[in-house]
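# Residue-level structure breakdown
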Amino acid sequence: MSSESLHGKRVLVTGASGFIGSHLCRRLCQIGAQVHALSRTEHADGDARLHWWRGDVAELDAVRGIVIAARPDVVFHLASHVVGAREREQVMPTFRANLMSSVNVMLAASEAGCRRVVLTGSLEEPEDGEAEAVPCSPYAAAKWASSGYARMFRALYQLDVVTLRVFMVYGPGQGDLKKLIPYVTLALLRGESPKLSSGQRQVDWIYVDDVVEGFVAAAEANDGIGQTVDIGSGALVPIRAVVERLGRLITPDIKLQFGALPERPLERVRVADTVRTQKVLGWQPSVPLEKGLKQTVDWYGRWLKEHAQ
Ligand SMILES: NC(=O)c1ccc[n+]([C@@H]2O[C@H](COP(=O)([O-])OP(=O)(O)OC[C@H]3O[C@@H](n4cnc5c(N)ncnc54)[C@H](OP(=O)(O)O)[C@@H]3O)[C@@H](O)[C@H]2O)c1
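Residues numbered from 1 in each chain as written. Predicted model: local features only at pLDDT ≥ 70, side-chain atom pairs only at ≥ 80, totals over all residues. Heavy atoms only, no water.

Inspection of the secondary structure assignment puts A187 in helix α5 (residues 180-189). A C-alpha to C-alpha distance of 38 Å links A187 and L281, two positions 94 residues apart in sequence. (Helix = DSSP H or I, 4+ residues; strand = E, 2+ residues; numbered from the N terminus.)

Here it is in structure tokens:
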């Protein structure tokens, strides 16, 4: 299928007010899809082209009602409690917003005869085929279980589900300012010294526009149905190197406090298999890290100026 195939189609984006969801909604509008956006709150810069639905994706009746009313050909399910913390308090919120929500979305979509569902997995999930795999966080456990349900919905109810295992996303508009790149960027732009762990962890970083193209490809591809496909850059870069690049881009004179924060237990080191993704979805990353970081810094610079007034 070509990228024109979403033109004129009805699509539902859950998590539409979020970082990736808002970029995806903009791109889908640009393609000419009829975009139904779902979150508990609307995105602050409300785009008039979007049809907004407010609802909690952990409530089956709410999801059913919205899917019946919106009649989407494709559902992009991005709504999530995106917290990798290991504390017991995270078990229920991640279970509701990640696992229960995915089951609700797939159930409602299969009952309503949707053509395709694109789910959002995570690099935090255990590797395929790992014996006695131990998810590293409540978030990872919920994401991992969702992809099991996706395979079941495919096998038992013939629902076309593609799960995208999304790696570490960065770019303009990441609203959670505690995440590494917004935190470091804003600290440096304000002339403050960011506190960091050792920065040794190797991460596969992927620019948000590339991720959005991955979602579009997953909605349109003939292959990948019932599978989990990686959306990452295919390269590992340590956190330390990324933070140092931000330092060079913004203000090389400020001290970066590596080692000031403790390491998180059970961190996964994983790199995306982009060769397989290219084969399955015809997608490959196109934004180099240096360029993506520069665009991100420029965006936060403008954001800071607007919010300082
Ligand atoms: N950012 C990354 O690096 C990354 C990496 C791998 C995978 N992912 C996945 O990509 C997806 C999007 O991530 P993101 O970074 O864009 O997250 P985000 O900015 O935190 O957005 C999460 C979205 O989910 C919505 N949401 C949360 N709970 C909800 C509920 N119960 N009912 C309805 N909506 C709910 C939020 O809106 P309201 O609060 O307004 O409801 C928000 O729109 C998630 O599935 C995440 O797990 C992200």
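Picking up after the structure, the text goes on.
The next subject is the side chain of H23. Mapped onto the elements, H23 comes out in helix α1 (residues 19-31). Among the residues examined, H23 registers a relative accessible area of 12% and is labelled buried. Apart from the residues within four sequence positions on either side, H23 is in contact with P172, V208, D209 and V212. (Buried < 20%, exposed > 50% of the residue type's maximum accessible area, 1.4 Å probe, protein only. Contact = heavy atoms within 4.5 Å.)

Extensive coverage of α5 is indicated by the burial of seven of its 10 residues. Residues I181, P182, V184, T185, L186, A187 and L188 constitute the buried set of α5. Buried residues belonging to α5 abut β7 (168-170), β9 (205-207), α7 (239-250) and α9 (289-308). Taken from the residues just after α5, G191 is the one with a positive phi, measuring 80°.

Inspection of helix α8 (residues 274-281) places T274, T277, V280 and L281 among the buried residues, and these make up the whole buried set. Mapping the buried residues of α8 onto a view down its axis gives an arc of 125°, with all of them on the same face. Structural note: α8 exposes V275 and K279 on the side pointing more than 90 degrees away from its buried face. Contacts made by the buried residues of α8 are with β6 (161-166), α6 (208-220) and β10 (228-231). Measuring from the side-chain oxygen of the N-cap residue of α8 to the backbone nitrogen of V275 gives 3.4 Å; that N-cap residue is D273. Downstream of α8 by a residue or two, G282 has a phi angle that is positive, lying close to 70°. (Arc of directions from axis to C-beta. Polar contact = N/O pair within 3.5 Å; in protein donor to acceptor, adjacent residues only side chain to side chain.)

Next up on the list: the packing of aromatic side chains. In total, this model carries six aromatic pairs according to the counting rule given. Where F153 meets Y157, the ring centres are 5.3 Å apart and the plane angle is 70°; that geometry is what we call edge-to-face. Placement of both F153 and Y157 in helix α4 (residues 138-157) is noted, with a separation of four residues, approximately one turn of the helix. Residue class for F153 comes out buried when judged on its relative accessible area of 2%. The exposure class of Y157 is partly exposed, given its relative accessible area of 43%. Members of the aromatic cluster, each reached through a chain of ring pairs, are W299, Y300 and W303. (Phe/Tyr/Trp six-rings, centres within 6.5 Å; stacked < 30°, edge-to-face > 60°.)

Looking now at the packing of α5 against α7. The geometry of α5 relative to α7 is characterised by a closest axis approach of 10 Å and an angle of 30° between their N-to-C directions. Taken together, the axes of α5 and α7 lie roughly parallel to each other. The way α5 lies across α7 gives a crossing that is right-handed. Contact with α5, carried on its side by L180, I181, V184, T185, L188 and L189, involves I239, V242, V243, L246, G247 and I250 of α7 and no other residues of that element. (Axes fitted to C-alpha atoms, helices over the stretch in contact; angles between N-to-C directions. Parallel < 35°, antiparallel > 145°, perpendicular 65-115°, else oblique. Left-handed = near helix turned anticlockwise from the far one by under 90°.)

This paragraph deals with the nonpolar core. Residues L28, F76, L164, F215 and L281 are the most contacted members of the largest nonpolar core, which totals 42 residues. At the level of secondary structure, the elements contributing two or more residues to this core comprise β1 (10-14), α1, β2 (34-39), β4 (74-77), β6, α6, β10 and α8. Examining the composition of this core, we find that eight residues originate from one element, α6, more than from any other. Other than its neighbours up to four places away in sequence, F76 contacts L6, V11, L12, V13, T14, L24, L28, V118, F215 and A219. Membership of the second largest hydrophobic core comes to 20 residues, among which are I181, L246, L256 and L293. (Core = buried A, V, L, I, M, F, W, Y, C linked by side-chain atoms within 4.5 Å.)

The ligand sits among 24 residues. The nearest are S17, I20, R40, T41 and Y139. The side chain of D56 places a nitrogen or oxygen atom 2.8 Å from a nitrogen atom of the ligand. A distance of 2.9 Å is found between an oxygen atom of the ligand and a backbone nitrogen or oxygen belonging to V169. Contact with the protein chains covers 88% of the free accessible surface of the ligand, which is 880 Å². Broken down by secondary-structure element, the contributors of at least two residues to the shell around the ligand are α1, β5 (116-122), α4 and β7. The class makeup of the residues in the shell around the ligand is 12 nonpolar, nine polar and three charged. (Near = heavy atom within 4 Å. Areas by Shrake-Rupley, 256 points an atom, 1.4 Å probe, with all protein chains shown as cover. Nonpolar A, V, L, I, M, F, W, Y, C, P; charged D, E, K, R; others polar.)

Next up on the list: empty space enclosed by the protein. Inspection of the entire model under this criterion finds two cavities of 30 Å³ or more. In this structure, the largest cavity encloses a volume near 80 Å³. In terms of lining, the largest cavity is formed by 15 residues, of which the most central are S102, L119, T120, K143 and S146. Mapped onto the lining of the largest cavity, the elements with two or more residues apiece are α3 (91-112), β5 and α4. In the lining of the largest cavity, the residues fall into four nonpolar, nine polar and two charged. Taken as a whole, the second largest cavity holds about 30 Å³ of empty space. Taken together, L123, R201, Q202, V203, D204, R268, V269 and R270 make up the full set of residues lining the second largest cavity. Taken together, the residues that form the lining of the second largest cavity break down as three nonpolar, one polar and four charged. (1 Å grid on protein atoms, 1.4 Å probe; cavity = no way out; pocket = protein on both sides within 12 Å on 5 of 7 lines; lining within 4 Å. Points joined across faces, edges and corners; volume = space filled by probe spheres on them.)

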